[in-house]
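Spelled out from the first residue to the last, the chains are:
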Amino acid sequence: MLENKIFNSIVKTGIVLSTICIVGNIIFKFPLIINTKWICLIIMCFFALYYETKETPKKEHVKFIFFIFIILFFIPVGWFDSGGTANNTIAYVFIILICITYLFNSKKRTILIILLIGTFTGLYIFEHLRPDLINTHPTDSQFWDRLIQIPLTLYASYYLIKQFANAYTTEKKKQEEYSIKLKEANYKLHNLATYDSLTHVNNRRIFDEYLQALISDQEISSSNIYVALLDVDNFKKINDTYGHLIGDDLLISFAKKAGEIIKAPNILARWGGDEFAIIYTGDETIVKSKMNDLLEAIQKIGYTKNLDSSISIGLTRLKPNDTVTDLLSRADMALYEAKSNGRNKFIIHD
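Residues numbered from 1 in each chain as written. Predicted model: local features only at pLDDT ≥ 70, side-chain atom pairs only at ≥ 80, totals over all residues. Heavy atoms only, no water.

## Things to note about the nonpolar core
One finds Val 11, Trp 38, Leu 41, Phe 66, Phe 67 and Ile 100 to be the most contacted residues of the largest nonpolar core, which totals 43 residues. Every element with two or more residues in this core is listed here: α1 (2–27), α2 (36–52), α3 (58–81), α4 (89–103), α5 (106–129) and α6 (139–194). Once you skip the residues sitting within four places of it in the chain, Trp 38 turns out to touch Leu 17, Ser 18, Cys 21, Ile 22, Asn 25, Phe 74, Tyr 92 and Gln 149. The next biggest cluster of nonpolar side chains, apart from the first, holds 30 residues, and it includes Val 201, Ile 262, Phe 276 and Phe 346. (Core = buried A, V, L, I, M, F, W, Y, C linked by side-chain atoms within 4.5 Å. Buried < 20%, exposed > 50% of the residue type's maximum accessible area, 1.4 Å probe, protein only. Helix = DSSP H or I, 4+ residues; strand = E, 2+ residues; numbered from the N terminus. Contact = heavy atoms within 4.5 Å.)

Written out as structure tokens, the structure is:
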């Protein structure tokens, strides 16, 4: 979990920072009592690290207790021992504020922030009222203390903020990758919902929706819109004789060629099985020419595959008062007539 990783970095930073401060205090001969807060912080950090390695619900409670310790013990002790406002507590408060904001949500975050603000404000007021209770140190000692702690505090701030920034960058990258995968999945779903899986032309659902939209349009009375139903002649015989793979290959090849003939915004769809459906806008001469192109295309495709292939086409024009049933019934009747009259032709029913 990301928050656990960040908390682990915070605790390890606390151990390193405490150790350096203890060594520095010894070198510059600060009173040993001043190291109390750092020793306690190291102990608390190791306690937290121990529970971080365990798979237990207590981990969240340990985080909370850790920051309670920082706010109610570490900050006050450091405030009294290190000279109150003359020390670096405000820098630590800032770092702790960042950590709490990132690591906790809702109620726990609110409690810790209130405690942090309340503790710092209370210490500031207490120092104003009772400055005699705040330990003071020589100017030289304060100088060396700040010389050690200010760079350490700045580096610790940088390190922690870098952890947050890296975590943000990682999560952002994951979100971008997820977004790309989601778009790809949506694209695949769109294709499945829109296109026939074998021939990759529009499926029947798209054809039905488009046809319904045309019929609902009140301005179609002035348009030349034609609907055609196509059926591959003797397709069952082709399947039975040459196998379904050959039959599928014929449908794929025809659909590809038909797509070159019936171009968008006109609609070419696989109606089902060996049947296709077309919605074409244009005058009757152009429509008849396109139907002849389709008849010729299927024959050429069959020739290249050593098949005797042809199609029958039933064609009708959309009328102002047509329903979907009216329109398709006329197209179906025209298709039946084309098949009954020798196949390999188109018939128009008005």
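## Structural notes on empty space enclosed by the protein
For the coordinates displayed, the defined rule picks out 2 cavities of 30 Å³ or more. Taken as a whole, the largest cavity spans an internal volume of roughly 260 Å³. Around the largest cavity, the lining comprises 17 residues; the ones closest to its centre are Gly 14, Leu 17, Leu 41, Ile 95 and Ile 96. Elements represented by at least two residues in the lining of the largest cavity include exactly α1, α2, α3, α4 and α6. Here the lining of the largest cavity is composed, by residue class, of 15 nonpolar, 2 polar and no charged. By volume, the second largest cavity amounts to about 30 Å³. Lining the second largest cavity are Lys 37, Phe 74, Ile 75, Gly 78, Thr 89 and Tyr 92. When contributions to the lining of the second largest cavity are tallied by element, the ones reaching two or more residues are α3 and α4. (1 Å grid on protein atoms, 1.4 Å probe; cavity = no way out; pocket = protein on both sides within 12 Å on 5 of 7 lines; lining within 4 Å. Points joined across faces, edges and corners; volume = space filled by probe spheres on them. Nonpolar A, V, L, I, M, F, W, Y, C, P; charged D, E, K, R; others polar.)

## Details of the layout of surface pockets
Space inside the largest pocket adds up to approximately 200 Å³. Along the walls of the largest pocket sit Asp 233, Asn 234, Lys 237, Ile 238, Thr 241, Tyr 242, Gln 299, Asp 308, Ser 309, Ser 310 and Arg 343, which together make up its complete lining. By residue number, the principal contributor to the lining of the largest pocket is helix α8 (residues 235–242), which donates 4 residues. Partitioned by chemical class, the residues of the lining of the largest pocket number 2 nonpolar, 5 polar and 4 charged.

## A short note on the environment of Lys 29
As for its placement among the helices and strands, Lys 29 is situated in the loop between α1 and α2. Measuring from C-alpha to C-alpha, the distance between Lys 29 and Ile 161 comes to 32 Å, with 132 residues separating the pair along the chain.

## As for the packing of aromatic side chains
On inspection of all chains with the given rule, the structure shows 11 aromatic pairs. Between the aromatic rings of Phe 7 and Phe 66, the centroid separation amounts to 5.5 Å while the plane-to-plane angle is 90°, which identifies the pairing as edge-to-face. On the criterion of sequence distance, the pair formed by Phe 7 in helix α1 and Phe 66 in helix α3 is long-range, its members being 59 residues apart. For Phe 7, a relative accessible area of 0% corresponds to the buried category. An angle of 90° between the planes, with centres 5.4 Å apart, marks the rings of Phe 207 and Trp 271 as edge-to-face. In this pair, Phe 207 is assigned in helix α7 (residues 204–216) and Trp 271 in strand β2 (residues 267–272), connecting sequence segments 64 residues apart. Neither residue differs from the other here; Phe 207 and Trp 271 are each classed as buried. Here the basic side chain of Arg 204 rests over the ring of Trp 271, its NZ or CZ set 3.6 Å away from the ring centre. (Phe/Tyr/Trp six-rings, centres within 6.5 Å; stacked < 30°, edge-to-face > 60°. Lys NZ or Arg CZ within 6 Å of the ring centre and 35° of its normal.)

## Topic: the pairing of strand β3 (residues 275–281)
The side chains of a regular strand alternate between the sheet's two faces. Where burial is concerned, most of β3 is hidden: 5 out of the 7 residues are buried. Bridging between strand β1 (residues 225–232) and β3 involves 7 bridges; their strand directions are antiparallel. What sits directly across from Asp 231, in β3, is Glu 275. The sheet contact formed by β2 and β3 spans 5 bridges and is antiparallel. Counterpart to Gly 272 in the pairing with β3 is Glu 275. Where β2 hands over to β3, the hairpin turn is made up of 2 residues, of which Gly 273 adopts a positive phi near 60°. (Pairing = 2+ DSSP bridges.)

These figures capture arrangement, not role.
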